[in-house]
Amino acid sequence: MPLPAQGKSILMTSDPYHIPGYGGYCPQFKYQIGRTFGKTTSILLEDCNVQSSGRLVLGEIYPGPTEADKIKEERVKLLQTRTQSWGDQKLVESMVPGYTGFIPKSEHYFGKRYAENCGNAISDFENDQRKRNYSIEQLKLINAQQSGTIRRTKTDDFKMPPLTTQNVTPLKPIAAKAKPYISPNALNHSMSPYYMENYDKNKCFMSGYTGFVPRSRGLLGKGYPIITQNALNDFTDDLVNYKQIKTLPVTVQHAETYKLDTKPLFPVTTGLVPHYTGHIPGQKFRYGRTFGHSTHNALKLEAVTA
């Protein structure tokens, strides 16, 4: 028996209907008898006199085109218009695997068939080219309107803000060449960090600088730019302090020294204690006596009596 266009036999219940075992609510079903479950639900779903929400519980078996299908169709149309505009060319809608030529933007597409990846890449490239050409045309049109070559009309396809200038464009130049603009906030790479202010964040040396940096030997545990910045700040402060005190008069003050009455190392009236390990003048030439007798008045000084 031949099948209809949708691939469903004519002996089966026509859509829409609920299959046996459906546990949801079906309006007026409990008042129907004498038919199968599928035919009963089909009649109730198609009957306009039965109150229902109007929305079927079951979705369409054959869904319509998805968003991906619409994008693919637009890309196909774009490639077809490209073929019509440029005629015989290498970049076409259906690329054959094995083509070794360059395909723009093909590095951004992968994971699909070769022909599909090439079609997506070529359509993306063509779309970018058209946007660029449209921007160039609009720029030329704006330039022509500002220079007075053409005038704006109400039939223009784009919107441009009105020209509010009081002078006639284009303006006449007052000099042969424009002076170069130098921003006050631009980085000055020619200035040495030694002459920068302490609050300048660029007063430092980059990592890898092998020259001498004053006051940096005792700074550790930080990054090289931070260490050099702190060292240069200390060095600058020392220079400023030196310039301030350089012109001041120099006054020299000598503090009085006092001789402290300390106990002598070698006693005069007694000897040293045995096991003394310090140096004793002439001790290596003395023998035949005890340590205490041989070290008695080792320096041979005269005793001072009060």
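Everything numeric here is computed off the predicted structure, so don't read it as measured data.

Draft legend 1. Quick peek at the overall build of the protein. Assigned secondary structure in the protein consists of five helices and zero strands. Start at the N end of the protein and walk to the C end: the helices and strands fall as α-α-α-α-α. Counting over 306 residues, the protein shows a buried share of 17%. Pairs at least 24 residues apart make up 34% of the contacts formed inside the protein by residues separated by at least 6 positions.

Draft legend 2. Quick look at the pattern of salt bridges. Within the structure shown, the criterion is met by five salt bridges. For K77, the salt bridge identified is with E73, shortest N-O distance 3.7 Å. With K77 and E73 both in helix 2 (residues 67-86) and four residues apart, the pair spans about one turn of that helix. A relative accessible area of 46% places E73 in the partly exposed class. Across the pair D238 and R215 runs a salt bridge whose closest N-O atoms are separated by 2.9 Å. Of this pair, D238 sits in helix 4 (residues 224-246) while R215 is found in the loop between helix 3 (114-147) and helix 4, placing the two residues 23 residues apart along the sequence. For R215, a relative accessible area of 46% gives the class partly exposed.

Draft legend 3. Focus on unusual backbone geometry. Positive phi is not limited to glycine here, since Q28 has a value of about 65°. Along the polypeptide, Q28 turns up in the segment before helix 1 (37-46). Phi is positive for N297, which is not a glycine, with a value near 50°. Structurally, N297 can be placed in the segment after helix 5 (291-294).

Draft legend 4. Summary view of the confidence of the model for the protein. For the protein, per-residue confidence averages 81 on the pLDDT scale, and residues scoring 70 or more make up 82% of the total. When mean pLDDT is compared element by element in the protein, helix 4 scores highest at 93, while helix 2 scores lowest at 78.

Draft legend 5. Seen up close, the nonpolar core. Of all hydrophobic cores here, the largest spans seven residues; its members are L79, L91, M95, I103, C118, A121 and I122. Per element, the largest residue contribution to this core is three residues, and it comes from helix 3. For L79, the contacting residues outside a window of four places in its chain are E93, G119, I122 and S123.

Draft legend 6. Fine view of the packing of aromatic side chains. For the structure shown, the criterion picks out four aromatic pairs. Summarising the aromatic geometry, the rings of Y194 and F205 are spaced 5.9 Å apart at their centres and angled 65° between planes, so their arrangement reads as edge-to-face. Pair noted here: Y194 is in the loop between helix 3 and helix 4 and F205 is in the loop between helix 3 and helix 4, with a separation of 11 residues, a long-range link. Owing to a relative accessible area of 30%, Y194 belongs among the partly exposed residues under this scheme. Grouping aromatic residues by their ring pairs yields a cluster made of Y194, F205, Y209 and F235.

Draft legend 7. Here's a closer look at the environment of I150. Within the element layout of this structure, I150 appears in the loop between helix 3 and helix 4. On the basis of relative accessible area, I150 is assigned to the partly exposed category, the value being 34%. Sequence-distant contacts of I150, defined by excluding residues within four places in its chain, comprise L141, A144 and Q145.

Draft legend 8. Focus on the environment of I227. When you line up the elements, I227 lands in helix 4. You can call I227 buried: its relative accessible area is 12%. With 14 residues separating them in the primary sequence, I227 and V213 have C-alpha atoms 9.6 Å apart. When sequence neighbours within four positions are dropped, the list of residues in contact with I227 reads S216, L219, L220 and K222.

Draft legend 9. Molecular detail of helix 4. Between its first and last C-alpha atoms helix 4 spans 32 Å; for 23 residues at 1.5 Å apiece the expected length is 33 Å, and the two agree. If you check which residues of helix 4 are buried, you get I227, T228, A231, L232, N233 and T236.

The rules behind the values
Residues numbered from 1 in each chain as written. Predicted model: local features only at pLDDT ≥ 70, side-chain atom pairs only at ≥ 80, totals over all residues. Heavy atoms only, no water. Helix = DSSP H or I, 4+ residues; strand = E, 2+ residues; numbered from the N terminus. Buried < 20%, exposed > 50% of the residue type's maximum accessible area, 1.4 Å probe, protein only. Contact = heavy atoms within 4.5 Å. Salt bridge = Lys/Arg side-chain N within 4 Å of Asp/Glu carboxyl O. pLDDT = per-residue confidence, 0-100. Core = buried A, V, L, I, M, F, W, Y, C linked by side-chain atoms within 4.5 Å. Phe/Tyr/Trp six-rings, centres within 6.5 Å; stacked < 30°, edge-to-face > 60°. Expected span 1.5 Å × (residues − 1).

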